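Single-letter residue listing:
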Amino acid sequence: MAILTFDVVEESDSARNGVVTIGSKSYQTPVFMPVGTRGTIKAATAKDVADIGFDVVLGNTYHLMLRPGSKVIQSIGGLHKFAGWDRLMLTDSGGFQVMSLGAKFDEGGVRFKSIYDGANVYLTPEGAVTTQEEIGADIAMVLDVCTNLPATRDQLQRAMDLTHAWAKRARSAKSREDQAQFGIVQGGSEDDLRQVSAQAIVDIGFEGYAIGGLAVGESREDMLRSIESTTPFLPNDRPRYLMGVGDPVGVVESIARGVDMFDCVAPSRLARHGGALTFQGKVHVKNKKYEEADEPIEMGCPCLACQRFPIALIRHLLLVGESTAGTLLTIHNLTFMHRLVAGARSAIREKSLDRYVTTIRSAYAR
Ligand SMILES: [Zn+2]
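The shown structure was predicted, so the numbers you read here are calculated from the model rather than taken from an experiment. (Residues numbered from 1 in each chain as written. Predicted model: local features only at pLDDT ≥ 70, side-chain atom pairs only at ≥ 80, totals over all residues. Heavy atoms only, no water.)

Novice: Before we go on, may I ask you to explain the layout of surface pockets in this structure?
Specialist: Gaps left between atoms are located by rolling a probe of water-molecule size over the structure's atoms. For the largest pocket, the calculated volume is near 920 Å³. What lines the largest pocket is a set of 44 residues, and nearest its centre among them are F96, Q97, G244, D263 and V265. When residues of the lining of the largest pocket are traced back to their parent elements, those giving at least two are helix 2 (61-66), helix 5 (95-100), helix 9 (220-230) and helix 11 (266-272). A breakdown of the residues in the lining of the largest pocket according to their chemical character gives 19 nonpolar, 15 polar and ten charged. Roughly 290 Å³ of volume is contained in the second largest pocket. In terms of lining residues, the second largest pocket is bounded by F105, D106, E107, V145, C146, T147, N148, Q155, R158, A159, D161 and L162. By residue number, the principal contributor to the lining of the second largest pocket is helix 7 (residues 153-173), which donates five residues. For the lining of the second largest pocket, a count of residues per class yields five nonpolar, three polar and four charged. (1 Å grid on protein atoms, 1.4 Å probe; cavity = no way out; pocket = protein on both sides within 12 Å on 5 of 7 lines; lining within 4 Å. Points joined across faces, edges and corners; volume = space filled by probe spheres on them. Helix = DSSP H or I, 4+ residues; strand = E, 2+ residues; numbered from the N terminus. Nonpolar A, V, L, I, M, F, W, Y, C, P; charged D, E, K, R; others polar.)

Novice: What is the right way to look at the sheet that holds strand 3 (residues 25-29) in this model?
Specialist: Backbone-to-backbone hydrogen bonds pair the strands of a sheet. The strands run either parallel or antiparallel. Read from one edge to the other, the open sheet built from three strands follows the order 1-2-3, with strand pairing classed as antiparallel. Because the sheet does not close on itself, it has two edges, and the strands there are strand 1 (4-12) and strand 3. Each strand of the sheet is rotated relative to its neighbour by a mean of 15 degrees, with strand direction disregarded. The sheet contact formed by strand 1 and strand 2 (residues 15-22) spans eight bridges and is antiparallel. What sits directly across from E11, in strand 2, is R16. Packed onto the sheet, helix 14 (residues 324-349) meets strand 1, strand 2 and strand 3 and runs at close to 120 degrees relative to strand 2. (Pairing = 2+ DSSP bridges. Axes fitted to C-alpha atoms, helices over the stretch in contact; angles between N-to-C directions. Contact = heavy atoms within 4.5 Å.)

Novice: Looking at this structure, I do not really get the side chain of T147. What am I missing?
Specialist: Along the chain, T147 turns up in the loop between strand 11 (139-141) and helix 7. On the accessibility criterion, T147 (17% relative accessible area) is buried. Once residues within four sequence positions are removed from consideration, T147 is found in contact with M99, Q155, L156, A159 and V216. (Buried < 20%, exposed > 50% of the residue type's maximum accessible area, 1.4 Å probe, protein only.)

Novice: Honestly, the coordination of the zinc ion in this entry has me stumped. Any pointers?
Specialist: A four-donor tetrahedral metal ideally has 109.5 degree angles, and a six-donor octahedral metal ideally has angles of 90 or 180 degrees. Taken together, the protein ligands of the zinc ion are C301 (SG), C303 (SG), C306 (SG) and H332 (ND1), with distances of 2.1 to 2.3 Å. For the zinc ion, the four donor atoms are set out with angles of 100 to 117 degrees between them, so the coordination reads as tetrahedral. Spacing between the donor residues of the zinc ion along their common chain follows C-x1-C-x2-C-x25-H. You can call C301 buried: its relative accessible area is 1%. (Donors = N, O, S within 2.8 Å, 3.2 Å for Na, K, Ca; no water. Tetrahedral: all angles 85-135°; square planar, octahedral: opposite > 155°, others 65-115°.)

Novice: I would appreciate a short explanation of helix 13 (residues 311-319) in the present structure.
Specialist: Of all the residues in helix 13, the buried ones are I311, A312, I314, R315, L317 and L318. Where helix 13 is buried, its residues meet strand 17 (281-284), helix 12 (304-308) and helix 14. One or two positions beyond helix 13, positive phi appears at G321, with a value near 80 degrees.

Novice: For this particular structure, what's the right way to read the side chain of H80?
Specialist: Following the sequence through the fold, H80 ends up in helix 4 (residues 79-83). The class of H80 is buried, set by a relative accessible area of 16%. One polar contact links H80 to D138, side chain to side chain, over a distance of 2.8 Å. Setting aside chain neighbours within four positions, we find H80 in contact with K25, W85, D86, R87, L88, M89, G136, A137 and D138. (Polar contact = N/O pair within 3.5 Å; in protein donor to acceptor, adjacent residues only side chain to side chain.)

Novice: Would you take a moment to explain the sheet that holds strand 9 (residues 110-113) for this structure?
Specialist: Strand order in the open sheet made by the three strands is 8-9-10, with antiparallel pairing throughout. The open sheet has two edge strands, strand 8 (104-105) and strand 10 (120-123), and neither has a second partner. Where strand 8 meets strand 9, two bridges bridge the pair, whose relative direction is antiparallel. Considered in strand 9, the bridge of K104 is made with R111.

Novice: Help me understand the pattern of salt bridges, please; the structure alone is not making it clear to me.
Specialist: Between side chains of opposite charge, a pair can form as their charged atoms come close. All told, the structure shown has 20 salt bridges when counted by the stated rule. Among the ionic pairs, D192 bridges to R153, the shortest N-O distance being 2.8 Å. On the criterion of sequence distance, the pair formed by D192 in helix 8 (residues 191-204) and R153 in helix 7 is long-range, its members being 39 residues apart. Between R257 and E253 there is a salt bridge, with its nearest N and O atoms 3.1 Å apart. Through salt bridges with shared partners, a single network forms among E228, E253, R257 and R361. (Salt bridge = Lys/Arg side-chain N within 4 Å of Asp/Glu carboxyl O.)

Novice: Looking at this structure, I do not really get unusual backbone geometry. What am I missing?
Specialist: The phi angle of most residues is negative, glycine excepted, and most peptide bonds adopt the trans form. Here the bond from T29 into P30 is cis, since omega is 0 degrees, no more than 30 degrees from zero. Along the chain, P30 falls in the loop between strand 3 and strand 4 (31-33). With an omega of 5 degrees, the peptide bond between R67 and P68 qualifies as cis. Examined against the element boundaries, P68 turns out to sit in the loop between helix 2 and helix 3 (70-76). Of note, D13 is a non-glycine position whose phi angle comes to about 50 degrees, a positive value. By secondary structure assignment, the location of D13 is in the loop between strand 1 and strand 2. Even without a glycine there, the phi angle at A43 is positive, about 70 degrees.

Right, dumping it as structure tokens:
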């Protein structure tokens, strides 16, 4: 029995609708995964996230391995029990956070200082596997070397070669048969490196494939071109995951290019700062024009915030610093992301994805 199965149920040009199944649980793709940084989605409970309808979320290994530590989570019975989440879960390797905090790489692994107490930590590809096996998510990511863009071709080549060597080591270190493992393609904005990287990672063989190293400073055009130069070299019967992309336009444009999975902290971070995502574009809830607005953030939105509260209340809570405002807006923005990918799935089914992408693009061009 395969650890993970992926069934493509509908296709429209490069885009596809599918179902990922692991054990007795599954989720539909294209999917957006909310990010549970430290064992919870910030400002929301696991029940809020389940009530919206999410079937898969992401946990950050970087934070969880430092606090409370993977052994603590393991002793409690794994991240599902620890976080009160009984649906599917993916953990990243921690490599991206480490990179963004200026870590030092060598052949063996990556050295960094804990943001919590300054302790020196050395993370290896094997260590990242073991830590994620202890944390116990359903899908684990290999440790890769991500490079901020722009970068020289030489830098990208070195990061890519190390990523491939580490992916092999991670695959050999894997021991849990109930946990899927995804490999990560690198290569920056160099189309030929993307192809080489995709082929090298597919040769090792994983349950799914991630496109890494994008949304790290390059233009939207470069990002989309890099996706186009990667996906033809990924197998059709495996899920494709674009790491760290969660802006509405980026998501639907990438779905049109054959991406199945997304994650990003941006929708929930924006919420805590008073920004609401809607199908008409971004709403700045603190704006004076909403002082006496008795309508919801978005008509027709099924979320708790829109069903129950006028935008004037949420604006007031933001202005007086009540944390409930962040909770309500987080629930709204995650509901929007959930509806955005559901809309893409309907559009793929009805062969109208181009029109859907145009609608979202024009809403966010304003
Ligand atoms: Zn809403």
